[in-house]
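Letter by letter, the chains look like this.
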Amino acid sequence: MGTRIITVSNQKGGVGKTTTAVNLAAAMAGSGLRVLVIDMDPQGNASTALSIPHSSGTAGIYDVLIDGVPLADVVQPCPQVPGLSCAPATIDLAGAEIELVPLVARENRLRRAVQSYLETTDQPPDLVLIDCPPSLGLLTVNAFVAARELLIPIQCEYYALEGLSQLLKNVDLIQQHLNADLHVSTILLTMFDGRTRLASDVADQVREHFGDRVLRTAIPRSVRISEAPSHGETVMTYDPTSTGALSYAEAAAEMRRTKEMS
Ligand SMILES: Nc1ncnc2c1ncn2[C@@H]1O[C@H](COP(=O)(O)OP(=O)(O)OP(=O)(O)O)[C@@H](O)[C@H]1O
Ligand SMILES: [Mg+2]
């Protein structure tokens, strides 16, 4: 069975992309899979959450995209979670959005790096999760071209659906011109508060539109989830019995059931 490659994206900021990428990654690694997180956001939040050094000058995804450094040279193991590794993002990546523009095959650079990594590494990961910045620029385009699946985290609030049509339009363009395999495989409702009418209404609309691609598990708002990154941990190790950790574990289990992975 090949490696499953999933990009986590939503151009809306602060909807739980990074939280979802790192916690699903930790949950999947916890259940025995080998998982690689690729941090495509200059903010480096996924790298921080996984305790991966990413100060300016550290070899990271910038070097892979701009200088063609092999992905294997920048991947680091996550200290808390066996089986989990991360290609970190440094602040240098902020410049890549512009520096990529004149480069050859500028949309395909991450895809090529990932493919040659998968072909050459001794133990290829079962799953690659790519965390995107909150924009639809060239970094996100690279993440869309490198993946087969798109996971969209949606925060159930009033404006949640407004940017979605633009995101889906971009996915269509990518499908037509750059990556015919890309499809929206998974929607995850995040920071969900089932007690509010608004959250339930938005959730209903999302389910109506995306059907069974919406995971039945919604991630509740949880203080433990938001505390974990300041300890350089995912909630899966920071407080494994908290409701937040259990819900990410359940979401991961659902994702494994829908597509058989080894
Ligand atoms: N289920 C949750 N419960 C409570 N807080 C959460 C939850 N999910 C995420 N958060 C918090 O909300 C904030 C935004 O989450 P996160 O960084 O994952 O979003 P993002 O979409 O990656 O943001 P950006 O667009 O800046 O990359 C963070 O402070 C995070 O800790
Ligand atoms: Mg983020």
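Scroll up to find the structure.
Anyway, here's the lowdown on the structure attached to this text. What you see is a predicted model, and the numbers here were worked out from it, not measured in a lab. (Residues numbered from 1 in each chain as written. Chains lettered and ligands numbered in written order. Predicted model: local features only at pLDDT ≥ 70, side-chain atom pairs only at ≥ 80, totals over all residues. Heavy atoms only, no water.)

## Quick word on the environment of Leu151
Within the secondary structure, Leu151 sits in strand S6 (residues 149–155). Residues Leu151 and Arg34, 117 residues apart in the sequence, show an inter-C-alpha distance of 19 Å. Leave out the neighbours within four places in its chain, and Leu151 touches Ile6, Thr7, Val8, Ser9, Thr20, Leu24, Thr186, Leu188 and Met255. (Helix = DSSP H or I, 4+ residues; strand = E, 2+ residues; numbered from the N terminus. Contact = heavy atoms within 4.5 Å.)

## Topic: the site of ligand 1
Near ligand 1 you find 17 residues, and of these Lys17, Thr18, Thr19, Pro220 and Ser222 are the closest. Backbone polar atom of Gly14 to an oxygen atom of ligand 1: 3.0 Å apart, as the coordinates give it. With respect to ligand 1, the side chain of Lys17 contributes an N or O atom lying 2.8 Å from an oxygen atom. Mapping ligand 1 onto the cavity grids shows that it belongs to the largest pocket. Secondary structure elements with two or more residues in the shell around ligand 1: helix H1 (17–30) and helix H9 (223–227). By residue number, the principal contributor to the shell around ligand 1 is H1, which donates 3 residues. For the shell around ligand 1, a count of residues per class yields 6 nonpolar, 8 polar and 3 charged. (Near = heavy atom within 4 Å. Polar contact = N/O pair within 3.5 Å; in protein donor to acceptor, adjacent residues only side chain to side chain. 1 Å grid on protein atoms, 1.4 Å probe; cavity = no way out; pocket = protein on both sides within 12 Å on 5 of 7 lines; lining within 4 Å. Sits in = over half its atoms within 2 Å of the grid points. Nonpolar A, V, L, I, M, F, W, Y, C, P; charged D, E, K, R; others polar.)

## Some words on a nonpolar patch on the surface
There is a patch of nonpolar side chains on the surface, built from Tyr158, Tyr159 and Leu198 and spanning about 370 Å² of accessible area. Residue placement: Tyr158 occurs in the loop between S6 and helix H7 (164–177). (Patch = residues over 30% accessible without salt bridge, like charges linked within 9 Å, V, L, I, M, F, W, Y side chains within 5 Å. Areas by Shrake-Rupley, 256 points an atom, 1.4 Å probe, with all protein chains shown as cover. Salt bridge = Lys/Arg side-chain N within 4 Å of Asp/Glu carboxyl O.)

## Details of the pairing of S6
Of all 7 residues that make up S6, 7 are buried, and the element is covered over most of its length. Side chains Glu149, Leu151, Pro153 and Gln155 of S6 all project onto a buried face; the interleaved residues Leu150, Ile152 and Ile154 project onto the opposite face, where all are buried too. One ladder, built from 3 bridges, connects strand S1 (residues 4–8) with S6; its direction is parallel. The residue bridging Thr7 from the neighbouring strand is Leu150, located in S6. Where S6 and strand S7 (residues 183–190) come together, 7 bridges link them in parallel fashion. Looking at S7, one finds that Glu149 is bridged to His183. (Buried < 20%, exposed > 50% of the residue type's maximum accessible area, 1.4 Å probe, protein only. Pairing = 2+ DSSP bridges.)

Nothing here speaks to function; it is all geometry.
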